[in-house]
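Geometric and topological summary
Spelled out from the first residue to the last, the chains are:
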Amino acid sequence: MTGLPRLTSSISSLYTRKVLRGTTVEKEDCMITCGAAGGLEHLAFLLAEENDTVLIPSPYYAAFSNDLGVRAKLNLKGIDCGGIIGVDELEEVYDYRVKIVLITNPHNPTGRMYEGGELKEIVEWCRRRKVHLIVDEIYCMSVFKGRNFTSVIDVCDGSLGDYVHVIWAMSKDFGSSGSRIGCIFSANSSLKKSLSNVGVFTSVPNCVQEAYAEILEDEKWVDEYLDESVNQLKGGCEIVEGYLRKLGLEYVEAEGGMFVWANFGCLLPEDSWEGEEAFTVLMFEEGGIVLTPGQSQGASSPGWYRICYAWNPIPVLEVAMERLCYVVEVVRERGWVDLDV
């Protein structure tokens, strides 16, 4: 129950053609899952035991806590490193309970990307420690600003071995959230055999698999769609970053994905998570704006927020950023004394 051959072949061909540079991924190593979350949950359940530890760079995608903890009951340990982790940080916190390292490339929420050399060091460390490395590459075809994305599959020269696994899904690169089409790339034969058993509980309907295989086999349409998607993502990112510069607020320059990680800490009523919550409420009540606060993403200090620039069309995004400017101006001009929040 790991996918129709037509779809595993289509996704493997897409990855080889649009993501990898000089290597290939075989359809036999591609297993269809019920979205990226379903695939990650399967990996957590199969690669570790209850109360084992997953190391993850922080900040991180808030839903990872549920994906790894609800059924598999793994402990997520965030490592404060700005989203891009190195082997020194991994070695510093390693103990016998560590069974998985989970990284996202491009990173969510910062939009930063790993260099090939950085990935190679992490792969070598995980193999030496016999720790499974899961690389979530769900934004790999949503890269802009002149950077080339490096997949861990390329770093491994196409030979993932037993300890490297890749997650990808249609939801982000193809704007297809809700379709529940995801996949795991892995060469671990024991894992693949296990997935064929547990996959029956979350298998994707055959008719849906056939429909998406039909889409991906149209290479001309795929190329045109991805080009337009990247152009729009770049435009949205530039709008958000432009407004943040205008406001004089710190942010991490994104290279891919669909988020900007920005620091509103100087606007909080107090330097605390309660202060962050108050600012979250203020943005909603005064501006009708909803941003993802840093506390839910393992941020090391209050005031960091994830701004998504892909949810709405550009004109709506510009209205939202104007509203954000208004909220910032209200705080700067009036302070918090006169604000009823």
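Structural notes, computed from the coordinates. (Residues numbered from 1 in each chain as written. Predicted model: local features only at pLDDT ≥ 70, side-chain atom pairs only at ≥ 80, totals over all residues. Heavy atoms only, no water.)

What follows is about the side chain of Asn263. Within the secondary structure, Asn263 is located in strand S9 (residues 259-263). Of the residues examined, Asn263 reaches a relative accessible area of 18% and is grouped as buried. Within the local environment of Asn263, its side chain forms a polar contact with the backbone nitrogen of Gly265, the two atoms lying 2.8 Å apart. (Helix = DSSP H or I, 4+ residues; strand = E, 2+ residues; numbered from the N terminus. Buried < 20%, exposed > 50% of the residue type's maximum accessible area, 1.4 Å probe, protein only. Polar contact = N/O pair within 3.5 Å; in protein donor to acceptor, adjacent residues only side chain to side chain.)

Here we come to the pairing of strand S11 (residues 304-308). In terms of burial, S11 is largely enclosed, as 4 of its 5 residues are buried. Two elements, S9 and S11, share 5 bridges in a ladder whose sense is antiparallel. Residue pairing across strands places Ala262 opposite Tyr305, the latter belonging to S11. Summarising the sheet, strand S10 (residues 292-293) and S11 pair through 2 bridges and their orientation is antiparallel. By the bridge assignment, Pro293 is partnered in S11 with Tyr305. (Pairing = 2+ DSSP bridges.)

This paragraph deals with the packing of helix H2 (residues 35-47) against helix H8 (residues 189-198). Following both chains from N to C, one finds H2 and H8 inclined at 120°, their axes separated by 11 Å at the closest point. As far as their axial angle goes, H8 and H2 are oblique. In this structure, the crossing between H2 and H8 has a hand that is right-handed. The residues of H8 that touch H2, namely those facing His42, Leu43, Leu46 and Leu47, are Leu191, Ser194, Leu195 and Val198. Tallied by class, the residues present in the contact of H2 with H8 amount to 6 nonpolar, 2 polar and no charged. (Axes fitted to C-alpha atoms, helices over the stretch in contact; angles between N-to-C directions. Parallel < 35°, antiparallel > 145°, perpendicular 65-115°, else oblique. Left-handed = near helix turned anticlockwise from the far one by under 90°. Contact = heavy atoms within 4.5 Å. Nonpolar A, V, L, I, M, F, W, Y, C, P; charged D, E, K, R; others polar.)

On the basis of which strands lie adjacent, the open sheet formed by 7 strands has the order S1-S7-S6-S5-S4-S2-S3 and mixed pairing. Looking along the sheet, the strands with just one partner apiece sit at the ends: strand S1 (30-34) and strand S3 (75-80). Across the sheet, the axes of successive neighbouring strands diverge by a mean angle of 25°, strand direction being ignored. Relative to strand S6 (residues 164-169), strand S5 (residues 132-136) runs parallel, the two sharing 4 bridges. The residue of S6 that forms the bridge with Leu133 is Val164. Strand contacts of H8: S1, S6 and strand S7 (181-186), with the helix running at about 150° to S7, the strand carrying the most contacts.

Here we take up helix H5 (residues 116-129). Taking 1.5 Å as the rise per residue, H5 with 14 residues should run 20 Å; its terminal C-alpha atoms sit 20 Å apart, in good agreement. Considered for burial, the residues of H5 that qualify are Leu119, Ile122, Val123, Trp125 and Cys126. Here the buried residues of H5 occupy an arc of 165° about the axis, which is enough to place them on one side. Those residues of H5 hidden inside the fold are in contact with helix H4 (87-93), strand S4 (98-104), S5, helix H6 (152-155) and S6. Lys130 sits one or two positions beyond H5 and adopts a positive phi of about 55°. (Expected span 1.5 Å × (residues − 1). Arc of directions from axis to C-beta.)

So, on to the pairing of S5. Burial analysis of S5 places 5 of its 5 residues in the buried class, which makes it a mostly covered element. With burial as the criterion, each face of S5 is covered, one bearing His132, Ile134 and Asp136 and the other bearing Leu133 and Val135. In this sheet, S5 lies alongside S4 in parallel orientation, the contact comprising 5 bridges. Paired with Leu102 across the two strands is Ile134, which belongs to S5. Crossover S4 to S5 through H5 is right-handed. (Right-handed = clockwise from strand over helix to strand, strands pointing away.)

For any pair of aromatic rings, geometry is given as the distance between the ring centres together with the angle between the planes. Following the criterion strictly, the structure yields 12 aromatic pairs and no others. A ring pair is formed by Trp168 and Phe174, whose centres lie 6.3 Å apart and whose planes are at 90°; its orientation type is edge-to-face. Judged by its relative accessible area of 0%, Trp168 is buried. Ring centres 5.7 Å apart and planes at 35° place the aromatic pair Phe264 and Phe279 in the tilted group. Linking Phe264 in the loop between S9 and helix H11 (273-287) with Phe279 in helix H11, this pair joins segments that are 15 residues apart in sequence. Of the two residues examined, Phe264 and Phe279, each falls in the buried class. (Phe/Tyr/Trp six-rings, centres within 6.5 Å; stacked < 30°, edge-to-face > 60°.)

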